[in-house]
Amino acid sequence: MGNDGGSIPRRIELVKEKQKEVKINPDLERIAAWFYCALSKQTLQTPIVSCGLGKLYNQDAIIEYLLDKNAYGDGDKICSHISSPKDTVKLNLTPNPSYDESKSDKDSTTMGHLDKEMKSRFICPISMKEMNGKHRFVYLDTCGCVFAEQSLKEVKSKECVSCGKPFESENVIVINPNKEELDGMKTVIKAKKAQAKAEKKAKKAAKQEGGSDKEKKRKRDKTSPPQQSSLAPPAKKSNISSSAAAAVMGKVAQELAEKEKNKEVSQAVKSIYAKKEVKGNYLTMGTFNRYAS
């Protein structure tokens, strides 16, 4: 390159040209998004989960990422919005009856074999369309059931066709959306997280305020003397409501006392209370007799 006669520089080395944009094969991009985990780049295997951005992941890859953020090199770029398993939804997928796993390419476990058409493992339960990226698919974040978007629109119902759970239009999440839809979904996720954070903060503040009120009331009860009740104690109700009844009761009590007095007492009882003649004095009384010498 020194023009010393020993080398001839090429034009590309002397003149800088604008770099050409690298065009990615759309079929390869489609297969990579619909047949492989967006995080681990391995073939999608049940259980499969999806996030609020509609990306598909292997559940074990998400768990591994949450346990170790450095488990995958580009994990922060791909799923930085996932901070807990609650940020994902487990998908209820309908298996494809025409899919033969024994005939599938054994070497297709990595993303190096995307140059040929692949048969999807899953289909729409309504239209039987394959979930291969050629048709738009959606899932319901209330139950995780997956349908073709057009088929779900044709069913005029606010209940899931597969499980019967109710849903609203905002519960419908597009799987692998385009760039414009992706930007809108990112905004929705940020708004939901901000709202959840605000609700959590308000709930915590209300709990603390309620606890402080209870503590103040407890201290007030300890310092203040006990208040005497202004109400007088209720008067005792007499069992005898009239003087006539009192007279009858008195007469009956007197008759019972006289009967007890005139009642014959046994000889044993009489001997206890009868007066005995005492012979001698205190010197001769006792447990033994004294004899004069």
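Further up the page is the structure itself.
This text gives an overview of the structure that appears in the document. What you see is a predicted model, and the numbers here were worked out from it, not measured in a lab.

Conventions adopted
- Residues numbered from 1 in each chain as written.
- Predicted model: local features only at pLDDT ≥ 70, side-chain atom pairs only at ≥ 80, totals over all residues.
- Heavy atoms only, no water.
- 1 Å grid on protein atoms, 1.4 Å probe; cavity = no way out; pocket = protein on both sides within 12 Å on 5 of 7 lines; lining within 4 Å.
- Points joined across faces, edges and corners; volume = space filled by probe spheres on them.
- Helix = DSSP H or I, 4+ residues; strand = E, 2+ residues; numbered from the N terminus.
- Nonpolar A, V, L, I, M, F, W, Y, C, P; charged D, E, K, R; others polar.
- Buried < 20%, exposed > 50% of the residue type's maximum accessible area, 1.4 Å probe, protein only.
- Contact = heavy atoms within 4.5 Å.
- Pairing = 2+ DSSP bridges.
- Core = buried A, V, L, I, M, F, W, Y, C linked by side-chain atoms within 4.5 Å.
- Axes fitted to C-alpha atoms, helices over the stretch in contact; angles between N-to-C directions.
- Phe/Tyr/Trp six-rings, centres within 6.5 Å; stacked < 30°, edge-to-face > 60°.

### Looking at the layout of surface pockets
Right, on to step 1. Considered as a void within the structure, the largest pocket measures approximately 640 Å³ in volume.
Right, on to step 2. Lining the largest pocket are 26 residues; nearest its centre among them are Glu29, Ala33, Lys55, Asn176 and Pro177.
Right, on to step 3. Among the elements of the structure, helix H2 (26–35) and helix H6 (179–223) are those that each provide at least two residues to the lining of the largest pocket.
Right, on to step 4. Tallying contributions element by element places H2 first for the lining of the largest pocket, with 6 residues.
Right, on to step 5. Grouping the constituent residues of the lining of the largest pocket by class yields 15 nonpolar, 5 polar and 6 charged.

### Observations concerning the side chain of Ser120
Right, on to step 1. Position of Ser120 among the secondary structure elements: in the loop between strand S4 (94–95) and strand S5 (122–123).
Right, on to step 2. The exposure class assigned to Ser120 is buried, which follows from its relative accessible area of 2%.
Right, on to step 3. Aside from chain neighbours lying at most four places away, what touches Ser120 is Phe35, Asn96, Tyr99, Glu130, Met131 and Asn132.

### Here's the deal with the pairing of strand S6 (residues 137–140)
Along any regular strand, the residues point their side chains to alternate faces of the sheet.
Right, on to step 1. Alternating residues of S6 divide into Phe137 and Tyr139 and Val138 and Leu140, and every residue in both groups is buried.
Right, on to step 2. In this sheet, strand S7 (residues 146–148) lies alongside S6 in antiparallel orientation, the contact comprising 3 bridges. Looking across to S7, one finds that Phe137 is bridged to Ala148.
Right, on to step 3. What sits between the antiparallel neighbours S6 and S7 is a turn of 5 residues, in which Gly144 has the positive phi angle 90 degrees.

### Details of the nonpolar core
Right, on to step 1. Residues Leu39, Tyr57, Met131, Phe137, Val146 and Ile175 are the most contacted members of the largest nonpolar core, which totals 45 residues.
Right, on to step 2. Beyond its immediate sequence surroundings of up to four residues, Met131 is in contact with Trp34, Leu56, Leu93, Ser120, Phe122, Ile123, Phe137, Val146 and Ile175.

### Digging into the sheet that holds strand S8 (residues 172–174)
Right, on to step 1. The sheet built from 3 strands is open, its strands ordered S7-S6-S8 with antiparallel pairing. For this open sheet the edge positions go to S7 and S8, each flanked by a neighbour on one side alone. Within the sheet, the average angular offset between the axes of one strand and its neighbour, ignoring direction, is 35 degrees.
Right, on to step 2. Across 3 bridges, the pairing between S6 and S8 is antiparallel. Considered in S8, the bridge of Leu140 is made with Val172.

### A look at unusual backbone geometry
Right, on to step 1. At the junction of Thr46 and Pro47, the peptide bond is cis and its omega measures out at 5 degrees in the coordinates.
Right, on to step 2. Its location among the elements puts Pro47 in the loop between H2 and strand S1 (48–50).
Right, on to step 3. Although it is not a glycine, Lys41 adopts a positive phi angle of roughly 65 degrees.

### Let's talk about the packing of aromatic side chains
Right, on to step 1. Across all of its chains, the model carries 1 aromatic pair by this definition.
Right, on to step 2. Arranged with centres 6.2 Å apart and planes meeting at 70 degrees, the rings of Trp34 and Phe137 form a pair that is edge-to-face. On the criterion of sequence distance, the pair formed by Trp34 in helix H2 and Phe137 in strand S6 is long-range, its members being 103 residues apart. The same class applies to Trp34 as to Phe137, namely buried.

### Quick look at the sheet that holds S1
Within a sheet, adjacent strands bond to each other through the backbone by hydrogen bonds, running parallel or antiparallel.
Right, on to step 1. One open sheet accounts for 3 strands, arranged S2-S1-S3; its pairing is antiparallel. The sheet is open, and its two borders are formed by strand S2 (56–58) and strand S3 (89–90), each paired with just one other strand.
Right, on to step 2. Pairing between S1 and S3: 2 bridges, direction antiparallel. Its bridge partner lying in S3, Val49 is registered against Lys90.

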